[in-house]
Every structure is written in structure tokens, then in C-alpha cells.
Amino acid sequence: MIGLSGFYVEEAGIIHPTEAGLTVSPARAAGTVVVPSSKSHTIRALLIAACADGISHIANCLDSADARSCIAALEVLGCSVEETGRSATGVSLAVTPPPGGILSSRPEAEPLSLDVGNSGTTLYLLAALAAQREQPVTFDGDRSIRSRDAGPLLKALTEMGATLTGGPRAPFTLQGPLRPGTCISFPSPTSQFLSALLLTAPLIPASGPDPEPTVLEPQVLHERPYVDMTCWWLEAQHISLERQEYQRFIIPPGQHYQPVRTSLPGDYSSATFWFAAAAVTGGTITVEGLEPEDVQGDRKVLDIFSALGCTVQWHRSDASTPAVSVTGPITRGGTFDLNAMPDALPALAAAACYAPEPVSLTNVPQAREKETDRIDVMTRELTALGALIEEHPDGMTVKPRKATCSGQPPLEGGTLHSHGDHRVAMAGAVAALGAAAPVRIIDAEAAAVTYPAFFAELARLAPGSLLPGRTEPPAEGLA
Ligand SMILES: O=C(O)C1=C[C@@H](OP(=O)(O)O)[C@@H](O)[C@H](O)C1
Ligand SMILES: C=C(OP(=O)(O)O)C(=O)O
């Protein structure tokens, strides 16, 4: 325990908000930060390891609520997951699948219940894998998970042979086995449905010497880079797969996963909050831990900050790890298609409040189907702080207020509710850095879903932004 205050409790480098919420005061953000490991890579690595023939050793796995939800679900399926090391950005894990693997089971075995917490990636990807088991497995999660529609994925799995009870939202129960040789045409408004079937199809047992492949034909597909990430993992696993762009995937059954032995890169979606903090406050933030050429689609947010007039610079030398700096402020507006990077919407919406020209975030209807309806929630919460936002079915336009043009802070301060969404909580904190007065963030602890150390890092990078020792936000003005 480092210290206790009216606003937060800091323990082992993590700031826990008190019940009153966490108050973020206007402050300039600058400095260097190492971001935590990628959530999307971590969950894929863990799932592949859980299905592999042998023990995996995965370095720099994300240590966050979503990652822990995935691990807990795999443990219920019989995996042993042991921490073998720890760094500032992640944990090293040894993953030992149960004898026969997590996909084998007897039909008469007791049904199992998995709680995926807040993790949609775990829910969808693991539901498809577990649908191969002959033992029924029930999936459930928190309120947000119970509101997310898994219908198209569940329908595809039943067409492949699974028996479904409940749905289309959690809780639902799946019982296998799946059969090879089906051709499935399905909408994948979240790329996670396609990723789930791509990870599952190779492992379906082959029936006979010349088994028919599984053919996947997604009809509507958002977030293509996440599909590329899944295919990147399958390629690393030497899985044979024939692919026609994003239209058709032909996957022979009877394949196997090998133990994973790798170290995972940092998370571009988490880094986006620091890029946005630099853009809002006009400081320079250097982010370490990211792979410049990684398959993560949110890598492209750097192009957006550049188009908004920020300076983006990669620092690469043989002697040091790569780092990227973003320097604000935002000097221009623009229109940006976020279809490939829906998770960037909350941070970009917060940063857009500080643009001198309109910023439109478009073609991202699936952002309404995340932990919250992020288009609606970000519009409402930023508007309550003084922003001028027009909501569209597939995005939003953030307009400059007169105040912005006259040099006044564009946001007034006040209260922002995260609605339990980690990215809304962190985006709210970023928005607060440039406001005229402090912003109290309700449910700030949601940040722990992907970035438990976020507020501790904010306190370090933006001195004065978090005020220990007070029980109420200052009535007016800068603290
Ligand atoms: O496949 C993945 O790892 C993810 C895909 C995206 O979700 P959706 O496909 O639900 O949009 C993204 O929002 C989520 O953070 C991770
Ligand atoms: C949408 C997200 O995650 P998930 O779908 O895994 O809950 C996210 O992290 O923003």
C-alpha cells in the first residue's frame, strides 16, 4: 500500500478509484511510457496454447481483467496456467493443456460453466472452440456480455453440428461435436465471429482419409485487420488454409496446434490513449513496447494523428527498442474511416473535441456492439462536458465550439460516466486533460479490463492530473 486518499488508493503501482469516482484535472501530458501487452494477441496465444499438443511458454502476456477472464475459463476446461515471470508490461505464462486437450471430453461428463467476465474476444473465440466438446459448456459473463448478440456465430456453429441451448445472447450452452465438410455463409458484423470459426475449423477431427474442408464465407465483415491477425497466428502454427481475400476461407480438418513459444508485442489500442493525450495537451508522448510492423489494425491511428496535424515520429535504432512519439496539438480536422479500428473511436472522439475544424469518424457501426454502444455513450458523455457532437448511425462528427477558436478550452469539465466500459473511462480521462475544469470519472476502474496501470501512468505523465487527498472536486477553475 503506497497511500490512501480521498480520490484514489494506490497499491503496487495501480490506482484504484474510490466510490466517489476519480477526478482528473486539466494538466499537460508529456514523457515516455511503455504500454502493456496486446489483448488481442494475448487471448489468441492463450487459446492456441490451450489446444496445443504440449506445454507453451508465452512471454509478455497482458495481465488485465480480460486476460484473467480468459485464463480462468481455460482453467475450468482443465488447463493449468502458471506465471513464470513478470515485467512492467506483462507476465510470462506456462500453459499446460489437460491430457487429451481442452477439446476432448465425454458426452456423459458433467456440464461445465464458464464466466468470461467482460471479455467479448474470449466469449466468441472460446465458444467456437468449446463447441467441439461432447460435454455441454455454458457461457456467461457480465451485464455487458449478456447484451452482446452472438446470434450469427451460434447459428454457424449449429450448422456445423453443435447443439445450442439458449442464446443468442449469453448465457447459452453449446455441445459438440462439430463435423467437417460444411460450407457456412454468415454475417460477421464483428470480426470475432470469423476469427472464432477460423481458429476452430482446423481442429475439427477428420473423418476418413480424404475429408472435406470447412468453407467459411463471411457476408458482412468489419474489422479486417483482426482477421489478418487470426490468419497470422494460423500461419505461425503452419495451419494449411486457402484464402480468397476476405470472401472465402477453405480449411482442411484434422490439423493440430503446436505449443506457443513467443513474446507478445504491446497494444496499439492502449497506446492510442497516450497519442490522444499528447494531441489534446500539445505535449510530446513517446510510447515504447509497440512493434512497428505488427498486424494490429490500430497501428493506423498514427496516420490519423498525423492527418490531424500532430507530429508522429518513429525512433528506431539497432541499439534500442523501437519507440514512437506523438506531439500535439491538433491543427486540422478531417474525415476518418474507422471500420478497421473500432476500438480507437473513444480516444479519437475525445481528441477530436480539441480540433479547430470538424472531425468525422465514419463507417464504424459495429462500435455500437462493444462493451457499450460507444457511439451513443461517447456522444452523450462528451456533450455533457461541453462538446458539440452530431451522432450518426455509423459514427459521429465532432465540431469545434466557438470557444476553441477563441483560445478557450473546448470542454468545460463536470462528470463523465464510463458505463463500465474501459475505453470510455480512459477516453474521458484524456478529454479531461485539456478541459477548463476537472472531470469526475464514474466507474474509472473499468480501465483494468485492458490497462490496469492506466491511471498510475496518467498521474506520472500528467503531473497534477490526479489529486490525492481531496474528497470533492474543486468547485471551479484549474486545481
Ligand atoms: O478479434 C479481436 O481480438 C478483437 C476484435 C474487435 O472486436 P469486435 O470484432 O467485436 O469488433 C475489437 O473490438 C476487440 O477489442 C478485439
Ligand atoms: C471490444 C473490445 O473487446 P471485447 O470484444 O474483447 O470485449 C475492446 O477491447 O474494446
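Just so you know, these numbers come straight off a predicted model, no measurement behind them.

1. A few points about helix α1 (residues 39-51)
- In this model α1 runs 19 Å from its N-terminal to its C-terminal C-alpha over 13 residues, within 8% of the 18 Å that 1.5 Å per residue would give.
- Counted residue by residue, α1 has 13 buried out of 13 residues, so it is predominantly covered.
- With a side-chain oxygen lying 3.4 Å from the backbone nitrogen of Ser-40, the N-terminal cap of α1 falls on Ser-38.

2. Considerations on the UniProt feature "binding site: 3-phosphoshikimate" (unreviewed entry) in the chain
- Mapped onto this numbering, the UniProt entry annotates "binding site: 3-phosphoshikimate" (unreviewed entry) at Lys-39, Ser-40, Arg-44, Thr-190, Ser-191, Gln-192, Asp-343, Gln-366 and Lys-370. Lining of the largest cavity among the annotated residues: Lys-39, Ser-40, Arg-44, Thr-190, Ser-191, Gln-192, Asp-343 and Lys-370.
- Looking at the element boundaries, Arg-44 is found in helix α1.
- Judged by its relative accessible area of 2%, Arg-44 is buried.
- Sequence-distant contacts of Arg-44, defined by excluding residues within four places in its chain, comprise Thr-121, Leu-125, Ser-195, Tyr-226, Met-229, Thr-230 and Trp-233.
- Among the structural elements, Gln-192 can be located in helix α6 (residues 191-200).
- Looking at Gln-192, the relative accessible area reads 13%, which means it is buried.
- In contact with Gln-192, not counting residues within four places along its chain, are Gly-120, Thr-121, Tyr-124, Leu-125 and Arg-148.
- At 2.9 Å, the side chain of Gln-192 and the side chain of Thr-121 are in polar contact.

3. Thoughts on the site of ligand 1
- Looking at ligand 1, the residues that line it are Lys-39, Ser-40, Arg-44, Thr-121, Arg-148, Thr-190, Ser-191, Gln-192, Glu-223, Tyr-226, Asp-343 and Lys-370.
- Take Asp-343: an N or O atom from its side chain is 2.5 Å from an oxygen atom of ligand 1.
- Counting only elements with at least two residues in the shell around ligand 1, the list comes to α1 and α6.
- The class makeup of the residues in the shell around ligand 1 is one nonpolar, five polar and six charged.

4. As for unusual backbone geometry
- Here the amide bond leading from Gly-167 into Pro-168 is cis, since omega sits at 0°, within 30 degrees of zero.
- A positive phi is found at Asn-60, a non-glycine position, where the angle reads about 55°.
- By the element assignment, Asn-60 lies in strand β6 (residues 56-61).
- Of note, Asp-443 is a non-glycine position whose phi angle comes to about 65°, a positive value.
- If you trace the backbone, Asp-443 turns up in the loop between β26 (439-442) and α14 (454-461).

5. Overview of the layout of surface pockets
- Computed from the structure, the second largest pocket encloses a volume of approximately 270 Å³.
- Looking at the second largest pocket, it is lined by 19 residues, and the ones nearest its centre are Gly-100, Leu-103, Ser-104, Gln-132 and Leu-203.
- Residue classes in the lining of the second largest pocket are distributed as eight nonpolar, eight polar and three charged.

6. Let's talk about the pattern of salt bridges
- Tallied over the entire structure, the rule returns 23 salt bridges.
- Measuring nitrogen to oxygen at the nearest pair gives 2.8 Å for the salt bridge that ties Asp-421 to Arg-374. With a gap of 47 residues between them, Asp-421 in the loop between β25 (414-417) and α13 (422-432) and Arg-374 in helix α11 (residues 374-384) connect regions that are remote in the sequence.
- Asp-421 sits in the buried class, given a relative accessible area of 0%.
- What makes Arg-374 buried here is its relative accessible area of 1%.
- For Lys-399, the salt bridge goes to Glu-390, with nearest N and O atoms at 2.7 Å.

7. Section: the packing of aromatic side chains
- Overall, the coordinates contain nine aromatic pairs when judged by the stated rule.
- Ring plane angle 70° and centroid distance 5.6 Å describe the contact between Tyr-451 and Phe-454, whose orientation is recorded as edge-to-face. Take Tyr-451 and Phe-454: they sit in the same class, and that class is buried.
- Across the ring face of Tyr-246, the terminal group of Arg-243 is positioned such that the distance to the ring centre comes to 4.7 Å.

8. Observations regarding the packing of helix α8 (residues 268-281) against α13
- The N-to-C vectors of α8 and α13 enclose an angle of 20°; their axes lie 9 Å apart at closest approach. In this view, α8 runs roughly parallel relative to α13, as classed from their interaxial angle. Once α8 is placed against α13, the crossing between them reads as right-handed. From α8, Ser-269, Ser-270, Phe-273, Ala-276, Ala-277 and Val-280 reach across to α13, where they touch Arg-423, Met-426, Ala-427 and Val-430.
- Per-class residue counts for the contact of α8 with α13 are seven nonpolar, two polar and one charged.

9. Let's talk about the site of ligand 2
- Close to ligand 2 lie 13 residues, the nearest being Lys-39, Gly-120, Thr-121, Arg-148 and Arg-423.
- The side chain of Arg-374 places a nitrogen or oxygen atom 2.9 Å from an oxygen atom of ligand 2.
- Here an oxygen atom of ligand 2 sits 3.3 Å away from a polar atom, N or O, in the side chain of His-422.
- Expressed as a share of its isolated accessible area of 300 Å², the protein-covered part of ligand 2 is 98%.

The rules behind the values
- Residues numbered from 1 in each chain as written.
- Chains lettered and ligands numbered in written order.
- Predicted model: local features only at pLDDT ≥ 70, side-chain atom pairs only at ≥ 80, totals over all residues.
- Heavy atoms only, no water.
- Helix = DSSP H or I, 4+ residues; strand = E, 2+ residues; numbered from the N terminus.
- Expected span 1.5 Å × (residues − 1).
- Buried < 20%, exposed > 50% of the residue type's maximum accessible area, 1.4 Å probe, protein only.
- Polar contact = N/O pair within 3.5 Å; in protein donor to acceptor, adjacent residues only side chain to side chain.
- UniProt positions renumbered as here; feature names shortened; annotations may be inferred.
- 1 Å grid on protein atoms, 1.4 Å probe; cavity = no way out; pocket = protein on both sides within 12 Å on 5 of 7 lines; lining within 4 Å.
- Contact = heavy atoms within 4.5 Å.
- Near = heavy atom within 4 Å.
- Nonpolar A, V, L, I, M, F, W, Y, C, P; charged D, E, K, R; others polar.
- Points joined across faces, edges and corners; volume = space filled by probe spheres on them.
- Salt bridge = Lys/Arg side-chain N within 4 Å of Asp/Glu carboxyl O.
- Phe/Tyr/Trp six-rings, centres within 6.5 Å; stacked < 30°, edge-to-face > 60°.
- Lys NZ or Arg CZ within 6 Å of the ring centre and 35° of its normal.
- Axes fitted to C-alpha atoms, helices over the stretch in contact; angles between N-to-C directions.
- Parallel < 35°, antiparallel > 145°, perpendicular 65-115°, else oblique.
- Left-handed = near helix turned anticlockwise from the far one by under 90°.
- Areas by Shrake-Rupley, 256 points an atom, 1.4 Å probe, with all protein chains shown as cover.

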